[in-house]
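# Structural overview for review
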Amino acid sequence: MTLEELETFLCIARVGGFTEASRRLNRSQPAISRRVHELERSLGAALFERSGRRVALTEAGLALLPYAEAVLASVRDAERAVRDASAGGNARTLSLVIVGTLADSHIVDALRTFESRFPQVEVELRTATSREVSALVRGGEATMGLRYFPDPDPRLESIPSARSGSWSCCPPPTPSPPPACPTCAPSRASAG
């Protein structure tokens, strides 16, 4: 199982077909099919039910989906952490995905204000449908999203925005790390 195979699997699951996935991933359709075949072979299970040009996830595909999203989100987080550390530890990236019809002057003004207050943060902005916004946030490709209607997925937190009809979605807050284990800390007797 490779990252490219998981990325291909997720793209097909999101867009519902091999042809559109090949277009979005800039790969030939035979290359996309090969990746899926290799992934299915390595897992020993069919991941998609094919019906003409459309595909649907099988039970095995549904089981793999959250894990594939988590793996790719972790890889993106690792890349971002290394990029931020390489920039002297001061750089940060906010990746925002928004439904295109919500992108108006209020959003532009808010982003300008944010960038002026936090010049060390690089803002990446892209547009998508509400469904894609949630998928991109869930998959770690975006830090936060702005979409229509709350997302019922418990892996996302939907927060009503000040603007009527729009919702911010982001991963739920991560719990604070547990305090250091007292038995793991050097004892005073060994420190002296």
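Numbering of residues begins from 1 in every chain and follows the order in which that chain's sequence is written. Local features in a predicted model are, by the rule used here, given only for residues with pLDDT of at least 70; side-chain atom pairs are given and counted only at 80 or more, and totals for whole chains, interfaces and linings are based on all residues. Side-chain measures here rest on the full set of heavy atoms in the structure, leaving out hydrogens and waters.

### Here we look at the packing of aromatic side chains
Note on aromatic contacts: the rings of Phe and Tyr and the six-membered ring of Trp form a pair at centre separations within 6.5 Å, being stacked when their planes are under 30 degrees apart, edge-to-face when over 60 apart, and tilted otherwise. Enumeration over the complete set of coordinates arrives at 4 aromatic pairs. Look at F9 and F48: their rings are 5.5 Å apart centre to centre, the planes differ by 50°, and that puts the pair in the tilted class. Residue F9 is located in helix 1 (residues 3–15), and its partner F48 is located in strand 1 (residues 48–51); the two are separated by 39 residues in the primary sequence. The two residues F9 and F48 agree in class, both being buried. Numbered from the N terminus, helices here are DSSP runs of H or I no shorter than four residues, and strands are runs of E no shorter than two. Relative accessibility thresholds used throughout: buried, under 20% of the residue-type maximum; exposed, over 50%; partly exposed, between the two (1.4 Å probe, protein chains only).

### Details of the pairing of strand 3 (residues 92–99)
Burial analysis of strand 3 places 7 of its 8 residues in the buried class, which makes it a mostly covered element. Taken together, the 8 bridges between strand 3 and strand 4 (residues 121–128) define a ladder with parallel strand orientation. Paired with I98 across the strands is T127, a residue of strand 4. At least two bridges found by DSSP between two strands are what make those strands a pair. In the sheet, strand 3 pairs with strand 5 (residues 144–148) via 3 bridges, with the strands oriented parallel. Within strand 5, the residue paired with I98 across the bridge is L146.

### Thoughts on the packing of helix 1 against helix 3 (residues 29–43)
Inter-axis angles, ranging from 0 to 180 degrees, are taken between N-to-C directions of lines fitted to C-alpha atoms, where helices are fitted over the stretch in contact. Contact geometry of helix 1 with helix 3 gives a least axis separation of 9 Å together with a crossing angle of 110°. Judged by the inter-axis angle, helix 1 sits roughly perpendicular to helix 3. Across from E4, E5, L6, T8, F9 and I12 in helix 1, the residues of helix 3 making contact are I32, R35, V36, E38 and L39. Each residue gets one label: Ala, Val, Leu, Ile, Met, Phe, Trp, Tyr, Cys and Pro are nonpolar, Asp, Glu, Lys and Arg are charged, and the others, such as Gly, are polar. Tallied by class, the residues present in the contact of helix 1 with helix 3 amount to 6 nonpolar, 1 polar and 4 charged. Between 65 and 115 degrees an angle is taken as roughly perpendicular, under 35 as roughly parallel, over 145 as roughly antiparallel, and anywhere else as oblique. Any two residues whose heavy atoms approach within 4.5 Å at even a single point are treated as in contact.

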